[in-house]
Amino acid sequence: MSTRAFITGVSGLELSAEEREFIRSERPWGFILFKRNIETPAQASLLVRELREAVGKPAAPVLIDQEGGRVQRFGPPHWPTYPAGAVFGVLYDIDPVLGLTAARLSARLIAADLLETGVTVDCLPLADVPVAGADAVIGNRAYGTEPGKVAAIARAVTEGLEQGGILPVLKHIPGHGRATADTHFKLPVVDTPRAELERTDFAAFQPLADLPMAMTAHVVFSALDSAHPATTSATIIEQVIRGVIGFQGLLMSDDVSMNALAGSITERTQAIFTGGCDMVLHCNGKLDEMREVAAVTPELSGKALERARRALASRRAPQAFDRLAARAELDALIDRAGMAGA
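About the thresholds
- Residues numbered from 1 in each chain as written.
- Predicted model: local features only at pLDDT ≥ 70, side-chain atom pairs only at ≥ 80, totals over all residues.
- Heavy atoms only, no water.
- Helix = DSSP H or I, 4+ residues; strand = E, 2+ residues; numbered from the N terminus.
- Buried < 20%, exposed > 50% of the residue type's maximum accessible area, 1.4 Å probe, protein only.
- Contact = heavy atoms within 4.5 Å.
- Polar contact = N/O pair within 3.5 Å; in protein donor to acceptor, adjacent residues only side chain to side chain.
- Pairing = 2+ DSSP bridges.
- Disulfide = S-S within 2.5 Å.

(A) Seen up close, the environment of Asp128. Of note, Asp128 is situated in the loop between β6 (121-122) and α5 (147-163). Residue class for Asp128 comes out buried when judged on its relative accessible area of 0%. Sequence spacing of Asp128 and Leu109 is 19 residues, and the spatial spacing of their C-alpha atoms is 23 Å. Excluding anything up to four places from it in sequence, Asp128 contacts Ile138, Ala142, Gly144, Val150, Lys171, His172, Gly175, His176, Gly177 and Phe205. A polar contact of 2.8 Å, which involves the side chain of Asp128, links it to the side chain of His172. In this structure the side chain of Asp128 is engaged in a polar contact, spanning 2.9 Å, whose partner is the backbone nitrogen of His176.

Right under this line is the structure:
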């Protein structure tokens, strides 16, 4: 059965009859969960099964943003909390081995939580490199301000997820760290010269170009394309994401419903595909918008289909590990970061 090149959210804790019919008829490639969709482990697991049954694909990818810190869709009382990315950066500055170990452990534990509910994809790691004066939307989610350090920690996070049977999504390519606005509400414009972007922002993503999937940034880089954010810019996708950075995996948009993008949902979706993204992501669970996205989304085919197949095929079986020991080690490292001033 063919699929359409979009990933969709849903509105609540279980599928409505209308949502079930929409999924059955429009055949999205995958799904994404948010806090509004999660109450208990049993409920979340049932919703994941419902989504896959509705689309008729037992292995349909189910995504989530489970970073740690302030971006956790699974949380207390049923799931533990995890450190923000900046904690790994503090530990890395004490000793790189400590920072990488903590990043890998945290991601491995997150993977175990996700896999128990049937979620198979985490929108992590971040390779964004924040600068002074940028909007706090990235803030302590970032691993640091030096590209090499950011890339190293992002790689450790990737390893932890993959060891736990979870596919990573690299974000927000080619960089969200300089954005002076939250893209949920406004389109940021970055006027940094291209040479500086290549030295810093883009450089953090280059060592991670082999990851199976990446999510774009709704950010205008005026030195490259003053008219379009990266998500809809053919210039940036071809020259920077596929070119300078060298990413050849499945490229999905950030959420098409964010106010950083201009025009109707239909126009935004069309612009995302025209710009060169393989997949459009729609998150808010509003069925009228979901229908708009689906109406102009093509069948997954050609290079996009190849990338999607390659991404899913890269998923590994989870490795055995001692969960309690891993959590104890992570907590000890978090305490050490706190003593260092995290």
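(B) Broad picture of the sheet that holds strand β12 (residues 250-255). Taken in spatial order, the 9 strands make up an open sheet running β7-β6-β3-β2-β1-β13-β12-β10-β8, and their pairing is parallel. Only two strands of the sheet have a single neighbouring strand rather than two, namely β7 (167-168) and β8 (170-173). When strand β10 (residues 213-216) meets β12, the two strands line up parallel, connected through 3 bridges. Following the sheet pairing, Met213 is matched in β12 by Leu250.

(C) View of the state of the cysteines. Across all of its chains, the model carries 0 disulfides by this definition. Not engaged in a disulfide, the cysteine Cys123 finds its nearest cysteine sulfur in Cys283; these two sulfurs lie 7.9 Å apart. Among the residues examined, Cys123 registers a relative accessible area of 0% and is labelled buried. Taking relative accessible area as the criterion, Cys283 reaches 7% and is therefore assigned buried.

(D) How the structure looks around the side chain of Arg178. The residue Arg178 is located in the loop between β8 and β9 (189-190) in this model. Polar contacts involving the side chain of Arg178 include one to the side chain of Thr200, which spans 3.0 Å. Apart from residues lying up to four places away in sequence, Arg178 is in contact with Val129, Val131, Ala134, Val190, Thr192, Glu196, Leu197, Thr200 and Asp201.

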